[in-house]
Amino acid sequence: MRRRTAIIVTVVLGAAGAGAAVVWNGTASRRPAAAAVGAIDGRVHTIKLRTTGTSAGAPAQSTPVFSMVGVAWNRPDARVSGTVKVRTRSVATGAWSAWRPVAVQGDDLPDGTRGEHSRQGATAPLWTGPSNGVDVRVTGHRALPPGLRAVLIDPGSRRRRPVHAAGHQPVRVALAADVTSPDPSAPADSPVATPTDSPTTPPAADSPTATPSSASPTGSPTPSDSASPAPTTSTAPRPDIVARAAWGADESLVPTPNAYGQRVKAVFVHHTDTGNDYSCADSAAVVRSIFLYHVKTNGWNDIGYNFLVDKCGTLFEGRSGGVDRPVIGAHAYGFNTDSAGVAVLGTFTDVAPPQAALDTVAKVAAWKLGLSGGDPTGATTLTEGVKDGNFPYESAVTFKTISGHRDANSTACPGSLLYAKLGAIRTAAAQWTTPADLSATSLTGATKVNTTYYSKGTVTLGWRPGAVSGYHLLDNGTPIAEPPATALSVTTTLRAGTHQLQLVADNMDGTTTKSPAFPVVADTAKPTFGSPAALSVRTGTVSTTKIPVSLKWKVTDDRLLRSVKATSPSTATFATTTTSWSAYAKPSASTTWSLTAADAAGNTATSAVKRTAALRSDGSSSRTGTWKTTANSHYLGGSGLYSSAKGATASWTVTARSVGLIDKRTTSSGKLYVYVDGAYAATIDTRASSSLYRQIQWTRTWSTSTRHTIKIKVAGTSGRPTIALDGLAYVG
């Protein structure tokens with residue numbers, strides 16, 4: 001068995017360590033001795049480490065710009081045990097960073113197919129971002145191998161001519177990556193897979209674009225090799241893939257066409273162990289850096305992985321030879337033949353992998369296994385292809401068709417937290433190989449009332465994955481969109497009116513599946529307040545802090561009124577048939593009374609009125625005849641007026657749009673007459689079965705606020721001539 005021990009490599013991306021020389025803008029507090037910097041080899045730079053017994057290092061120094069770092073040594077089979085610390089200086093800030101561990105390369109190795117071997121030992125590379133300074137310290141537990149050196153990778157930049165947008169499309173198709181959890185920091189011009197019917201925006205200079213599903217099935221230059229198996233049709237839809245040319249592979253660095261197996265029987269899931277501190281805009285540069293590291297440092301023929309996936313779920317073509325062919329990679333030592341390696345960019349030992357990445361791993365695994373009829377939830381056998389592997393040479397070893405790297409080799413890859421997700425990946429991949437089940441298709445962007453959906457116009461249908469060649473979205477039986485096979489949702493904007501939406505899937509087995517029909521009413525018209533909000537005095541009991549008032553309105557909608565709510569001065573919810581609200585107003589306060597009505601589609605209308613309610617005391621009235629004052633805490637202000645003299649009058653002149661007369665009611669109280677602006681208005685009987693103070697029995701409301709005189713006259717009722725007044729309430 002081939003035995004390897006991890007080098008613990010720590011890369012510093014923060015403050016300097018104790019006793020170390022710190023370089024700031026080209027100067028140092030203690031200038032280190034110059035270390036030999038190797039000649040630039042393409043975009044790979046090396047720094048020789050000075051070795052003394054069980055320690056080695058290269059003091060802090062300025063370097064050419066690089067974005068990935070690793071440590072290499074001369075003997076690829078050497079056992080190395082120790083701690084390696086590396087710190088780097090940021091180009092952007094000039095600051096040195098904190099220490100970070102870097103894992104040993106482990107068994108990401110070629111099997112020796114066509115003479116492809118590792119020329120030297122190397123750690124896994126670590127993504128640092130643009131840096132221009134490095135400091136390396138190695139402490140070994142035993143003698144270190146010869147030729148230790150730091151390897152600095154500059155991925156360069158890849159510029160491409162932008163493709164200008166062809167015009168707005170009213171239907172948006174969301175691919176599987178769109179409906180998971182993409183990195184919220186990813187910019188709009190990061191390398192995302194896009195369907196062919198979506199508008200194309202000019203990408204950033206370093207942002208690749210996925211090859212459309214109608215492109216050549218290989219996606220990269222196919223080697224001239226008679227043993228190359230012919231492409232086949234998968235039982236799962238092909239995901240969008242960023243081709244090598246799009247992420248910037250330098251094909252001149254691939255000296256020999258890659259070899260092929262017979263068919264892909266298993267997919268091994270990896271993590272690149274390059275760290276998680278990258279944005280999705282950096283993903284193409286990370287892939288280029290890994291490519292350069294594998295070719296220039298490890299000495300491999302090409303990048304080791306068949307596919308790479310970033311945290312946003314973007315899928316990159318790895319090793320050349322055709323994404324639909326069984327290309328032999330360099331990712332699972334001894335089992336590279338008849339397998340595919342899918343590596344997620346990042347380190348997932350202690351950090352959970354993003355859902356977007358998991359979804360893409362499931363998609364590509366389903367498609368790759370489906371090219372040879374493999375079952376994503378099944379098992380298969382592979383032959384141990386090396387004599388120093390984990391299993392006896394040429395023995396048949398059983399693997400799950402979707403396995404982790406650690407299942408084949410002595411390694412922690414793909415990290416504990418990604419490895420724990422393999423079961424979920426297998427389940428998700430199986431959905432991509434099963435005819436569509438559209439029974440659970442959902443519709444969002446609309447409110448369901450009984451069996452009908454109401455929307456302002458933009459709705460989204462979402463569904464589960466399936467083995468389909470494509471979809472059709474029908475509106476009243478007419479196709480309006482054709483989502484691609486890997487789509488999991490489609491968004492469309494409907495014209496105002498009634499619609500019947502239905503999704504149809506064309507399954508790969510030749511059958512079709514239909515979703516339930518969704519009756520949708522597209523409505524952009526707001527509810528209408530035929531009678532705007534209006535405030536008036538109502539009957540009830542008055543106090544010094546509240547006056548009984550009524551807010552009235554009438555509101556309708558051309559489709560379906562869904563709710564009416566008060567939002568000020570307090571909140572309340574009413575039935576859609578309600579037209580008034582009995583509330584209280586604070587005396588002498590100017591208050592806004594607001595209503596909001598909403599229809600089933602979510603269109604809203606508001607009606608608001610600002611009014612001031614006030615009180616006039618009984619003592620402020622103008623009086624004729626005999627009146628007396630009585631002190632009682634139940635009256636407003638602690639006193640009230642009363643009279644039993646027939647014909648005695650009291651009057652108030654106010655500017656108002658609504659008034660209410662306040663009186664006292666008792667078992668022996670009599671009647672009074674009410675006059676408005678000199679005209680008889682009403683006869684009020686103030687008799688009651690018990691004593692009631694501060695009562696409004698009579699009100700009058702006008703359409704506008706105008707000046708009015710309210711006068712009462714004692715009727716002199718036989719046997720109960722006395723009436724008691726307590727003032728006037730009004731709304732200005």
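Remember, predicted model here, so these are calculated numbers, not experimental data.

About the criteria used
- Throughout, residues of each chain are indexed from 1 in the direction in which the sequence is written.
- Selection of residues for local features in this predicted model requires a pLDDT of at least 70, selection of side-chain atom pairs for listing and counting requires 80 or more, and totals for whole chains, interfaces and linings are taken over all residues.
- Note that the side-chain values use all heavy atoms of the structure and ignore hydrogens as well as water.
- Secondary structure counts use DSSP, requiring at least four H or I residues in a row for a helix and at least two E residues in a row for a strand, with both numbered from the N terminus.
- Note on classification: 1.4 Å probe, protein chains only; a residue is buried when its accessible area is under 20% of the maximum for its type, exposed when over 50%, partly exposed between these limits.
- Residue contacts follow a heavy-atom distance rule, with two residues in contact if any of their heavy atoms lie within 4.5 Å.
- Residue-level confidence of the predictor is summarised by pLDDT, bounded by 0 at the bottom and 100 at the top.
- Multiplying one less than the number of residues by 1.5 Å gives the expected span of a helix.
- Side-chain rings of Phe, Tyr and Trp, where Trp is taken by its six-membered ring, are said to pair if the distance between their centres is within 6.5 Å; with planes under 30 degrees apart they count as stacked, over 60 as edge-to-face, and otherwise as tilted.
- Any two strands with at least two DSSP bridges between them are considered paired.
- Here an angle of 0 to 180 degrees is reported between the N-to-C directions of two axes, which are lines fitted to C-alpha atoms, with helices fitted over the stretch in contact.
- Note on terminology: pairs of cysteine sulfur atoms within 2.5 Å are recorded as disulfides.
- Pairs of N or O atoms within 3.5 Å make up the polar contacts considered here, provided that, within protein, one atom can donate a hydrogen while the other can accept it, and that residues adjacent in sequence are counted only when both atoms are side-chain atoms.

Visitor: Run through the overall build of the protein chain, naming residues and quoting values.
Guide: Looking only at helices and strands, one finds 5 helices and 47 strands in the protein chain. Burial status across the protein chain gives 54% buried among its 732 residues. Within the protein chain, residue pairs in contact and separated by at least 24 positions form 75% of the contacts whose partners lie at least 6 positions apart.

Visitor: Lay out the confidence of the model for the protein chain with the relevant residues and their values.
Guide: Chain-level pLDDT for the protein chain is 86 on average; 84% of the residues reach the 70-or-more range. pLDDT under 50 marks residues 1-41. Its contacts with residues more than four places away, or in other chains, come to 127 contacts. Below pLDDT 50 for its whole length, residues 159-205 participates in 95 contacts with residues either more than four positions away or in separate chains.

Visitor: I'd like a rundown of helix 2 (residues 283-297), residues and numbers included.
Guide: If you check helix 2, its first and last C-alpha atoms are 20 Å apart, about what 15 residues at 1.5 Å a residue would give, namely 21 Å. Across the 15 residues that make up helix 2, a large majority, 14, are buried.

Visitor: So what's going on with the packing of aromatic side chains? Which residues, and what values?
Guide: Counted under the stated rule, the structure contains 12 aromatic pairs. Ring centres 5.0 Å apart and planes at 75° place the aromatic pair F335 and F399 in the edge-to-face group. With F335 in the loop between strand 17 (315-317) and strand 18 (339-344) and F399 in strand 20 (residues 396-400), the pair connects residues that are 64 residues apart, well separated along the chain. The burial state of F335 is the same as that of F399; both residues are buried. With a centroid separation of 6.4 Å and 85° between ring planes, the pair formed by F391 and F399 is classed as edge-to-face. For F391, a relative accessible area of 27% gives the class partly exposed.

Visitor: Explain the environment of T360 to me, and be specific about the residues and the numbers.
Guide: As for its placement among the helices and strands, T360 is situated in helix 3 (residues 355-370). Relative accessible area serves as the criterion here: at 2%, T360 is assigned to the buried category. On a C-alpha basis, the gap between T360 and G313 in space is 5.4 Å, while along the polypeptide they are 47 residues apart. Apart from the residues within four sequence positions on either side, T360 is in contact with V309, G313 and L315.

Visitor: Tell me about the sheet that holds strand 34 (residues 547-556), residues and numbers included.
Guide: One open sheet holds the 3 strands; their spatial order is 32-34-37, and the pairing between them is antiparallel. Of all the strands in the sheet, the pair left with one neighbour each is strand 32 (528-537) and strand 37 (580-585). On average, each strand axis in the sheet is tilted by 20° relative to the strand beside it, whichever way the strands run. The pairing of strand 32 with strand 34 spans 7 bridges and is classified as antiparallel. Residue A534 lies in a different strand from strand 34, and its bridge partner there is K552.

Visitor: Tell me about helix 5 (residues 422-432), and please be specific about residues and values.
Guide: By the burial criterion, the buried members of helix 5 are L422, I425, R426, A428, A429, A430 and W432. Buried residues along helix 5 sit against strand 15 (266-271), helix 3, strand 20, strand 21 (402-404), helix 4 (416-419) and strand 28 (487-493).

Visitor: How would you explain the state of the cysteines if you had to name every residue and give the values?
Guide: Scanning the entire structure with this criterion turns up 1 disulfide. With its sulfur 2.0 Å from that of its partner, C280 forms a disulfide with C312. Classification of the bridge connecting C280 and C312 rests on its S-S torsion, roughly 95°, and on that basis the disulfide is right-handed. In this pair, C280 is assigned in the loop between strand 15 and helix 2 and C312 in the loop between strand 16 (307-309) and strand 17, connecting sequence segments 32 residues apart. Residue class for C280 comes out buried when judged on its relative accessible area of 1%.

Visitor: So what about the environment of H708? Which residues, and what values?
Guide: Tracing the backbone through its elements, the reader meets H708 in strand 46 (residues 692-714). With a relative accessible area of 7%, H708 lands in the buried category. For H708 and W652, which are 56 residues apart along the polypeptide, the C-alpha to C-alpha distance reads 8.3 Å. Leaving out residues up to four positions away in the same chain, H708 has contacts with W652, T653, V654, A656, D677 and W702. At a separation of 2.8 Å, a polar atom in the side chain of H708 contacts the side chain of D677.

Visitor: Could you give an account of the pairing of strand 6 (residues 55-73), with specific residues and numbers?
Guide: Counted residue by residue, strand 6 has 14 buried out of 19 residues, so it is predominantly covered. As paired elements, strand 5 (residues 50-52) and strand 6 share 3 bridges and run antiparallel to each other. Residue R50 lies in a different strand from strand 6, and its bridge partner there is G57. With 5 bridges connecting them, strand 6 and strand 11 (residues 149-153) associate as antiparallel partners. Residue G70 lies in a different strand from strand 11, and its bridge partner there is V151.

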